[in-house]
Amino acid sequence: RNLPDCLSALTPGVRMANYQFSACRFYSGASPSTDPTSIEKIRALRATTGASISSVRDALIKSNGDMDLAIKTLQNIGQAKAAGKADRKTSQGLVSIYNGMDSNVAASNDSEQLVVITDLRCETDFVARTEQFAGVVQKFNERANAIIQSEKDATARSDDGTILTFYYSGDEFLARDDKHCEGRPSETLLRKTLAQSISLLGENQQLHRVGGILIPRSHNGLVELYIHGKLNDSMGRVGVLIALDNFGSGMMSSSREVSLVRYVGRNLAMHIVGTPPQYISYKDIPEVARQEYRSQVEVRAQQAGHTLNPKQLEQQVKGWERDICLMD
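What counts, and where the lines are drawn
Residues numbered from 1 in each chain as written. Predicted model: local features only at pLDDT ≥ 70, side-chain atom pairs only at ≥ 80, totals over all residues. Heavy atoms only, no water. Salt bridge = Lys/Arg side-chain N within 4 Å of Asp/Glu carboxyl O. Helix = DSSP H or I, 4+ residues; strand = E, 2+ residues; numbered from the N terminus. Buried < 20%, exposed > 50% of the residue type's maximum accessible area, 1.4 Å probe, protein only. Pairing = 2+ DSSP bridges. 1 Å grid on protein atoms, 1.4 Å probe; cavity = no way out; pocket = protein on both sides within 12 Å on 5 of 7 lines; lining within 4 Å. Points joined across faces, edges and corners; volume = space filled by probe spheres on them. Nonpolar A, V, L, I, M, F, W, Y, C, P; charged D, E, K, R; others polar. Phe/Tyr/Trp six-rings, centres within 6.5 Å; stacked < 30°, edge-to-face > 60°.

Undergrad: Explanation requested: the pattern of salt bridges in the structure shown.
TA: One side chain can pair with another of opposite charge once the charged atoms of both are near each other. Summed over the entire model, instances satisfying the criterion amount to 11 salt bridges. Close ionic contact of Arg 121 with Asp 119 constitutes a salt bridge, the shortest N to O distance being 3.0 Å. Between Glu 224 and Arg 262 there is a salt bridge, with its nearest N and O atoms 2.7 Å apart. Taken together, the residues Glu 224 in strand β5 (residues 221–232) and Arg 262 in helix α9 (residues 255–274) connect sequence positions 38 residues apart. With respect to class, Glu 224 is no different from Arg 262; both count as buried. Through salt bridges with shared partners, a single network forms among Glu 287, Arg 290, Arg 294, Glu 314, Lys 318 and Glu 321.

Undergrad: What exactly am I supposed to notice about the pairing of β5 here?
TA: Moving residue by residue along a regular strand, the side chains alternate between the two faces of the sheet. Two strands pair when backbone bridges link them, and β5 and strand β6 (residues 235–245) are joined in this way by 10 bridges, in the antiparallel orientation. For Leu 225, the partnering residue across the bridge sits in β6 and is Leu 241. In sequence, β5 turns back onto β6 through a hairpin of two residues.

Undergrad: Explain the layout of surface pockets here, please?
TA: Over the atoms, a rolling probe the size of a water molecule traces out where space has been left empty. Approximately 1,400 Å³ is the volume found for the largest pocket. Along its surface, the largest pocket is lined by 38 residues, and Gly 239, Val 240, Leu 241, Ile 272 and Pro 277 are the ones closest to its centre. Contributions of two or more residues to the lining of the largest pocket are made by β1 (92–99), β2 (113–122), β3 (164–169), β4 (206–215), β6 and α9. For the lining of the largest pocket, the leading source of residues is β6, giving eight residues. Among the residues making up the lining of the largest pocket, the classes are represented as 23 nonpolar, 11 polar and four charged.

Undergrad: Quick question: what am I supposed to make of the packing of aromatic side chains here?
TA: The relative placement of two aromatic rings is captured by the distance of their centres and the angle of their planes. In the structure shown here, the tally under the stated rule is two aromatic pairs. With 6.1 Å between their ring centres and 45 degrees between their planes, Tyr 168 and Phe 173 make a pair best called tilted. Assessed through its relative accessible area of 6%, Tyr 168 is described here as buried. Ring geometry for Tyr 293 versus Trp 320: centroids 4.7 Å apart, planes at 10 degrees, classification stacked.

This is how it looks when you write it as structure tokens:
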């Protein structure tokens, strides 16, 4: 029913005709343009920071509607919350893999293959499977690819054909990101991104490690990758990168040859996920680690009241080497 009919129903016997109606909106305080907590400002600030509505509103009130000051306020709150959660254990998380090469080709004379893997941790599997956390992991991996590309271009062009590997602890990589972002707005720092994510999701989060493998130009090899517990095609709970090298004198030119090599690499990667090795070969084990294990075996034998001869001791060491090495 239209408005005149409704009014006629409320006032029987009175005919409503030729009336014009207009609507007005009243504000109890400032107009929308000057309201420090207007819907437009809340929406814009949430899109920029990802903070909750209540946090955004409080920041706008404290800053009297100044968007830049409100952003800084939210960043300070996020950093304080992150510092308060820094001691919490982070046993869950996601890995993300950036692969810039077609899966059906190997490195060629005019191209190289760089694959980057990033490991970001959180406290629970519930947070690890949220879209927000996955977006943060993806952002970290994209930045890792950009930084490794720049460091590779600046320090190691690998013209001698050597496969290059990159590995950084979380703190080392964040320090490199600080240097990489010199002269840019502080909002671009991954440290700020991590603090905002901690504040938004309410859990401690830590960048655990970043790694990468570069197959240079004119090199007969490729990188195979495997993701276990997939969230999507490039992200999951466990990730493995394997560089496969020295497959004869000629380049792998056909897709069938590349597929066969990738089949071998994928099976090796799945084996690594199932029985994670610490070293590729027993030759890579430091002698200090061997001596430490021998000491542990001798202590356990003494506690059990047994005496091991040198042959028995070495047999246990060999068994330990097989357990922690990919190749016997």
